[in-house]
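# Inside the fold
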Amino acid sequence: GEEEGGEAAGGGGASVVLQVVSAREWRFRFGLGTPLQATLEVFVPGRYPSREPPHPVLHAPALSSAAKDDLVEQMIALYEGGEVVFSWVETLRQEVSAAHEAAEAAAEAEAAAR
């Protein structure tokens, strides 16, 4: 298959930084410098992508463990026997971006109410 690598970037202040720890461990960092920063560690088995899904571990202090579990379940459900990591990254980037926008809107509303 094609190699997954390089740096993925997105708009809305939710850029994504990829750190390849090893051939079997990739780390994606989201929302750096914001209260919503998160890290997705992906452990890649030898038979990925065709036979075995990668294993995601999500570190996101701003999210409840229930929200993290839901996100991880959503990500695992995306695996259909092919490359899935960048779909996971995009799903998470959108979540972090939406949470960031919601937090900013709440802060603006609070400031306007003073």
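Residues numbered from 1 in each chain as written. Predicted model: local features only at pLDDT ≥ 70, side-chain atom pairs only at ≥ 80, totals over all residues. Heavy atoms only, no water.

## Looking at helix α2 (residues 85-113)
The terminal C-alpha atoms of α2 lie 42 Å apart, and with 29 residues this matches the ideal 42 Å at 1.5 Å per residue to within 8%. Along α2, the positions that sit buried rather than exposed are Val 85, Trp 88, Val 89, Thr 91, Leu 92, Arg 93, Val 96, Ser 97 and His 100. Here the buried face of α2 lies against β1 (16-22), β2 (25-30), β3 (38-43), β4 (55-59) and α1 (65-77). (Helix = DSSP H or I, 4+ residues; strand = E, 2+ residues; numbered from the N terminus. Expected span 1.5 Å × (residues − 1). Buried < 20%, exposed > 50% of the residue type's maximum accessible area, 1.4 Å probe, protein only. Contact = heavy atoms within 4.5 Å.)

## Remarks on the sheet that holds β4
Taken in spatial order, the four strands make up an open sheet running β1-β2-β3-β4, and their pairing is antiparallel. Of all the strands in the sheet, just β1 and β4 have a single pairing partner and so form its edges. Averaged over all neighbouring strand pairs, the angle between strand axes comes to 20°, with direction disregarded. Of the strand pairs in this sheet, β2 and β3 are connected by six bridges, and their pairing is antiparallel. For Phe 28, the partnering residue across the bridge sits in β3 and is Leu 40. Against the sheet, α1 engages β3 and β4, with an angle of about 155° to β4. (Pairing = 2+ DSSP bridges. Axes fitted to C-alpha atoms, helices over the stretch in contact; angles between N-to-C directions.)

## Some points on the environment of Ala 23
Note on placement: Ala 23 falls in the loop between β1 and β2. Taking the C-alpha atoms as reference, Ala 23 lies 9.3 Å from Gly 46; in sequence the two are 23 residues apart.

## Points about the packing of α1 against α2
In contact at an axis separation of 10 Å, α1 and α2 are set at 150° when each is read in the N-to-C sense. One finds that α1 runs roughly antiparallel with respect to α2. The interaxial crossing formed by α1 with α2 has right-handed handedness. Here Leu 71, Gln 74, Met 75 and Ile 76 of α1 come into contact with α2, specifically with Trp 88, Thr 91, Leu 92 and Glu 95. Residue composition of the contact of α1 with α2, grouped by class: five nonpolar, two polar and one charged. (Parallel < 35°, antiparallel > 145°, perpendicular 65-115°, else oblique. Left-handed = near helix turned anticlockwise from the far one by under 90°. Nonpolar A, V, L, I, M, F, W, Y, C, P; charged D, E, K, R; others polar.)

## Here we look at α1
For an α-helix, the turn length of 3.6 residues means that residues three or four places apart are oriented alike. Between its terminal C-alpha atoms α1 stretches 18 Å, which fits the 18 Å expected from 13 residues at 1.5 Å a residue. Of the residues making up α1, those classed as buried are Leu 71, Val 72 and Met 75. Projected onto a plane normal to the axis of α1, the buried residues spread over an arc of 100° and lie on a single side. Exposed and oriented more than 90 degrees from the buried face of α1 are Glu 73 and Ala 77. Looking at the buried side of α1, the elements it contacts are β3, β4 and α2. (Arc of directions from axis to C-beta.)

## Section: the pairing of β1
Relative to β2, β1 runs antiparallel, the two being bridged by six bridges. Within the sheet, the bridge partner assigned to Leu 18 lies in β2 and is Phe 28. Between the end of β1 and the start of β2, which pair antiparallel, lie two residues.

## Considerations on the side chain of Arg 27
Relative to the helices and strands, Arg 27 resides in strand β2. One polar contact links Arg 27 to Glu 25, side chain to side chain, over a distance of 3.0 Å. Those residues in contact with Arg 27 that sit more than four places away from it in its chain are Val 17, Leu 18, Gln 19, Val 21, Thr 39, Leu 40 and Glu 41. (Polar contact = N/O pair within 3.5 Å; in protein donor to acceptor, adjacent residues only side chain to side chain.)

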